[in-house]
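Residue strings, one per chain:
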Amino acid sequence: MANIDVSTYFFTAAVPVCNEGVVEHRSLTGAKGVIKSSPIHIVREILETLPTALQSHATEEIGLNSPFSRNLRTHFTRFVILDQPNFNGRDHSNALVNAVMKVDLLAAQPVDQITCPYIFWTIDFDLPDPAGAGEPRRYFEELWGQMEPELRSIFQYCYGFDQVKDAASFATYILRCQIETTMPFHDYWYIPPKLSQISIPGLALIPGIGALMLLGSLIAGFLRWTGWRWAADFVGWSGWTWAPWAGLGVLILGLIIDYYWVMAKGRKPYPASPGADLRNVLKALYLQQVFTRFATAQQRRDRTKWGAEFRTFLTATRPGDLDGPTQSPGVIRSQPGDAA
């Protein structure tokens, strides 16, 4: 699975932190006076105090929304401090080979060691262009313009971050730390997606020709062996000694072409489900809540007025207008009291 799928970019980066020396600073968690900490400890404090989305009653009371809510393309993001990789189980291996070689499956295998802590950063964001032209550079330049102070505080102790001067240099810096995303997660289609099917006759054409040439050669050889040479001559296989080798070659060539065809087909990004970008999702959440209130209110009104009331509702909420009344990013309800 590539970084791009369902019109979404799944970005992953591992940014090394220079954890050398002692840093004097004022605590972000309320401790008084100047305290001394390691750089990675400060990074942890910054991430711990970075506002999350207003996704619960407790965070709603704080009132500080995540800085990522300023971006209308960001679906999810997560920071993790990676000090050292842990043993996560043995590598997959063949059970029969293990039995023959008497491999001790309870013995731990070596684990890679890293020389410094890393900030592990994952983000899922919408792509205006499904092919991802100009991404993810454009996204990071956009993000720098919306939350430069927070990004500077998070990455200030990372190796090479002192070279970051503006949006373009920040995008260049982060892209140098990118690693391929191999297992993204996204929403599912609620209707069958329109996928182009691979042609089964097309797959069978070249290998089929090779297989038929091989089969014909085998039949001709068998007929000659049984004394029915006249039958082989009758179908034209009498002097074709090159036919089995040509058939084998065509068969192998066809299988190779089919393999790369299937792999190329599998590497194509899956199409996005309708209305799956963040702006459509926010509008849908907003409509879900206001329509619930509208439907509840109509239960106690005169039915003859329902039509006029519904037209007023459509005029006020503008369902097709993503810029119109909608839910703000980073919150779970359009207004207090709505169902989450």
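Residues numbered from 1 in each chain as written. Predicted model: local features only at pLDDT ≥ 70, side-chain atom pairs only at ≥ 80, totals over all residues. Heavy atoms only, no water.

### Topic: the confidence of the model for the chain
On average, the chain scores 87 in pLDDT, and the residues at 70 or more come to 93%. Per-element averaging of pLDDT across the chain places helix α7 (residues 229-234) at the bottom with 65 and helix α5 (residues 167-176) at the top with 97. (pLDDT = per-residue confidence, 0-100. Helix = DSSP H or I, 4+ residues; strand = E, 2+ residues; numbered from the N terminus.)

### Notes on the state of the cysteines
Tallied over the full model, the rule gives 0 disulfides. With no disulfide of its own, C158 lies 7.5 Å from the sulfur of C177, the closest cysteine sulfur. A residue is classified by how much of its surface remains accessible, and C158, at 7% relative accessible area, is buried. The class for C177 is buried, based on a relative accessible area of 12%. (Disulfide = S-S within 2.5 Å. Buried < 20%, exposed > 50% of the residue type's maximum accessible area, 1.4 Å probe, protein only.)

### A look at the pattern of salt bridges
This structure, assessed with the given rule, holds 11 salt bridges. Of the charged contacts in the structure, one is a salt bridge between E142 and R73, with a shortest N-O distance of 3.2 Å. Taken together, the residues span a long stretch of sequence, with E142 in helix α4 (residues 137-155) and R73 in the loop between α2 (57-62) and β5 (74-82) at a distance of 69 residues. The exposure class assigned to R73 is buried, which follows from its relative accessible area of 9%. Across the pair E141 and R137 runs a salt bridge, and its minimum N-O distance is 3.6 Å. (Salt bridge = Lys/Arg side-chain N within 4 Å of Asp/Glu carboxyl O.)

### Considering the side chain of S69
Relative to the elements of secondary structure, S69 occurs in the loop between α2 and β5. A relative accessible area of 18% places S69 in the buried class. A distance of 3.5 Å separates a polar atom in the side chain of S69 from a polar atom in the side chain of N65. Within the structure, S69 has its side chain in polar contact with the backbone oxygen of S66 (distance 2.6 Å). Discounting residues that sit within four places of it in the chain, S69 has contacts with P329 and G330. (Polar contact = N/O pair within 3.5 Å; in protein donor to acceptor, adjacent residues only side chain to side chain. Contact = heavy atoms within 4.5 Å.)

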